[in-house]
Every structure is written in C-alpha cells, then in structure tokens.
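So you can see what is in the structure, the chains are spelled out below.
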Amino acid sequence: MSKIILITGASTGLGETIATYLAQKGFTVYGTSRSIEQKSKPFLTMDLDVCNEASIQKGVNRIIEKHGRIDVLINNAGLAIAGPVEALPLAEVQRVFDTNVFGTIRTIQAVLPTMRQQKSGLIINISSIAAEAGLPFRGGYCASKAAVDRLTEALRLELASFGIQACYIQPGGTKTDINKNRLRVSLPANSAYKETFDRTYALIDESVSEGIEPDVFGPLVEKIIQSPQVDRLYRVGKSLEKFSVLLKSILPTGIYERMIRNHYKM
C-alpha cells in the first residue's frame, strides 16, 4: 500500500523538490501551500495555510475522507527573517514564529488523532543547522528553528507508546528561494548596525546561493520513511557548517564567539 504523505510549503524550493521525488517513487503525496491547487505539479496539490487552523483541518479531512489515513507529515513551510534583535519589528517576528513554530504545532495537532487511531505515523520537521547557534542578525530565525527542534524531541517521547515516530532534519545553506522570500529589516543610514548588517547579509545570501543542491533531501526523506527506527536528528550541509556545531560544543565560549565574529567580519 502506498504511504499517504502530507507536506507543507511545497510550492517551491525544498518542499517542491521533496514532494516531487517522493511522488516519483510511488508515494501518494499531497503538496500544500496557501495557493498551490491550480498549479501543475508532479504530485497532488492542495491549498493549505499553516497559519490558519480551519484551512489545515479542511485539508487533513479531505485526505482522510479519500484515503482513510495519513502516514507521514512533513512540516516544511517556513519563513526567514534577518536583522539586529534591537530593530526587529515584533509583528514580523510573530509572522516567523506563527509559520515556523505555531504552524508546525497546528499541523501536528490536526494529524495526530488519526495517527493515534492508526497506531502508526511519522512526523518529519524541517529545521535548520541555524537552530544550533544564535547567529548574528538571524536571532529571530535561529530561535524559531531551535523551538522546532525542542518541540520534536518532546514529541518523540510523548508519541512513542502510540507507534508514532518524529524527527527533525537540519539543512545547512541550500539553494532555494529563501533569499527571495526572507523578511529583511530596513535600517536607516545612520543605524549603528547598518554597515555590519549589510556586510553580514551578503554572506547570508551567499551561503544560500552557493549552498548544497536540494536534490539530496528527497532520498534522505525516503530513507527516513522506510526506516523501522527513526533517529532524532538528520543534519545535512557542508562540512564547515556541520563542523561549526561541533566546535560550539567543545570550544570555550569566548573562542567560539570570536571565531563567529571573525567569519562575519564583525
């Protein structure tokens, strides 16, 4: 029997790549976003807004009515933000958390009653290597992804007795549309942060435009789906990105922070 998969944020980028790969492998894939249903995709499409509980429940109900089950939920919908913490507009930070954190919680809450009834299911949350450190001018984004990681770890403990598994994937810089869609704080010319932020933002953009290809994630997700025992964390990125996580855990704080500031020329 083909597994029934629901993936959010599938209109472009990483979500679309994963949804396309899984559909080509014979899975029944519902790729969703706020307005995707009329678009031609190699997978089933459905409008679903992760910031709207009614929209989520409507989409989940449609899948259950047609198939009677949901085997895999992939929470991929996400929004990035960049800017100094002092200047972050709270309304925009709330948008980021509403999508990245509360959107993830909403979709999980919508599918779990069915998964518990099935006594099976898998939840894959797309996080970021940025969740492992508070990177300069990405504090809002890093915090939202760190929240997703801790949420997933709690889920693993809460759901194990129901036969449901959960994990998170931490991509490093990946060639997607995140640069185009990222919320960027507009700083006045006399801002104390202006020069450093502009320089750092160019490096942030570069890490995406020169990042890994999104194609590597489809096979990884398929491997996770087919695994009888799912690991807590799957980290995918360039060697330096993954090594930086290790350095943070072993270096004295002052040395690690100096290394990060040197990298961003701060």
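Higher on the page you've got the structure.
Computed from a predicted structure; not experimentally measured.

Asks: Which parts of the structure should I look at to understand the pairing of strand E4 (residues 72-75)?
Replies: Looking down a regular strand, the side chains alternate between one sheet face and the other. Judged by which residues are buried, E4 turns out to be covered on both faces: Val72 and Ile74 on one side and Leu73 and Asn75 on the other are all buried. One ladder, built from three bridges, connects strand E1 (residues 4-7) with E4; its direction is parallel. Note that in E4 the partner of leucine 6 across the bridge is leucine 73.

Asks: For this particular structure, what's the right way to read helix H4 (residues 139-159)?
Replies: What sets the pattern is the α-helix's 3.6 residues per turn: residues three or four places apart point alike. The terminal C-alpha atoms of H4 lie 30 Å apart, and with 21 residues this matches the ideal 30 Å at 1.5 Å per residue to within 8%. Here H4 has its buried residues at Gly140, Tyr141, Cys142, Ser144, Lys145, Ala146, Val148, Asp149, Thr152, Leu155 and Leu159.

Asks: What should I look at first to understand a nonpolar patch on the surface in this one?
Replies: A surface patch of nonpolar side chains, about 410 Å² in accessible area, is lined by Leu240, Phe243, Leu246 and Ile250. Here leucine 240 is to be found in helix H8 (residues 239-250). Taking relative accessible area as the criterion, leucine 240 reaches 60% and is therefore assigned exposed.

Asks: Can you help me understand the sheet that holds strand E7 (residues 164-171) in this one?
Replies: Pairing between the strands of a sheet is mediated by backbone hydrogen bonds and can be parallel or antiparallel. Strand order across the open sheet formed by seven strands is E3-E2-E1-E4-E6-E7-E9, with parallel pairing between neighbours. One side of each edge strand has no neighbouring strand; the edge strands of this open sheet are strand E3 (44-47) and strand E9 (233-236). Along the sheet, successive strands turn relative to each other by an average axial angle of 20°, direction set aside. Taken together, the four bridges between E1 and strand E2 (residues 28-33) define a ladder with parallel strand orientation. By the bridge assignment, isoleucine 4 is partnered in E2 with threonine 28.

Asks: Explain the packing of helix H1 (residues 13-24) against helix H7 (residues 217-226) here, please?
Replies: Packed helix pairs are specified by the crossing angle of their axes together with the interaxial distance, meaning the distance between the axes. Axis separation between H1 and H7 bottoms out at 8 Å; the angle between their running directions is 60°. Relative to H7, H1 is oriented oblique. For H1 against H7, the interelement crossing comes out right-handed. On H7, the residues touching Leu14, Ile18, Tyr21 and Leu22 of H1 are Phe217, Gly218, Pro219, Val221, Glu222 and Ile225. For the contact of H1 with H7, the per-class residue count stands at eight nonpolar, one polar and one charged.

Asks: Even after reading the chapter, I still don't get the nonpolar core, so can you show me in this structure?
Replies: In globular proteins that are soluble, nonpolar side chains generally tend to be buried together. The biggest cluster of nonpolar side chains holds 28 residues, and the ones touching the most others in it are Leu22, Ile74, Ile124, Ile169, Ile224 and Ile225. Secondary structure elements with two or more residues in this core: E1, H1, E4, strand E6 (121-126), E7, H7 and E9. Contacts of isoleucine 124, omitting those with residues within four sequence positions, involve Val72, Leu73, Ile74, Asn75, Cys167, Ile169, Val221, Ile224 and Ile225. Listed in part, the 22 residues of the second largest apolar core include Ile4, Tyr30, Val50 and Leu73.

Rules behind the numbers
- Residues numbered from 1 in each chain as written.
- Predicted model: local features only at pLDDT ≥ 70, side-chain atom pairs only at ≥ 80, totals over all residues.
- Heavy atoms only, no water.
- Buried < 20%, exposed > 50% of the residue type's maximum accessible area, 1.4 Å probe, protein only.
- Helix = DSSP H or I, 4+ residues; strand = E, 2+ residues; numbered from the N terminus.
- Pairing = 2+ DSSP bridges.
- Expected span 1.5 Å × (residues − 1).
- Patch = residues over 30% accessible without salt bridge, like charges linked within 9 Å, V, L, I, M, F, W, Y side chains within 5 Å.
- Areas by Shrake-Rupley, 256 points an atom, 1.4 Å probe, with all protein chains shown as cover.
- Salt bridge = Lys/Arg side-chain N within 4 Å of Asp/Glu carboxyl O.
- Axes fitted to C-alpha atoms, helices over the stretch in contact; angles between N-to-C directions.
- Parallel < 35°, antiparallel > 145°, perpendicular 65-115°, else oblique.
- Left-handed = near helix turned anticlockwise from the far one by under 90°.
- Contact = heavy atoms within 4.5 Å.
- Nonpolar A, V, L, I, M, F, W, Y, C, P; charged D, E, K, R; others polar.
- Core = buried A, V, L, I, M, F, W, Y, C linked by side-chain atoms within 4.5 Å.

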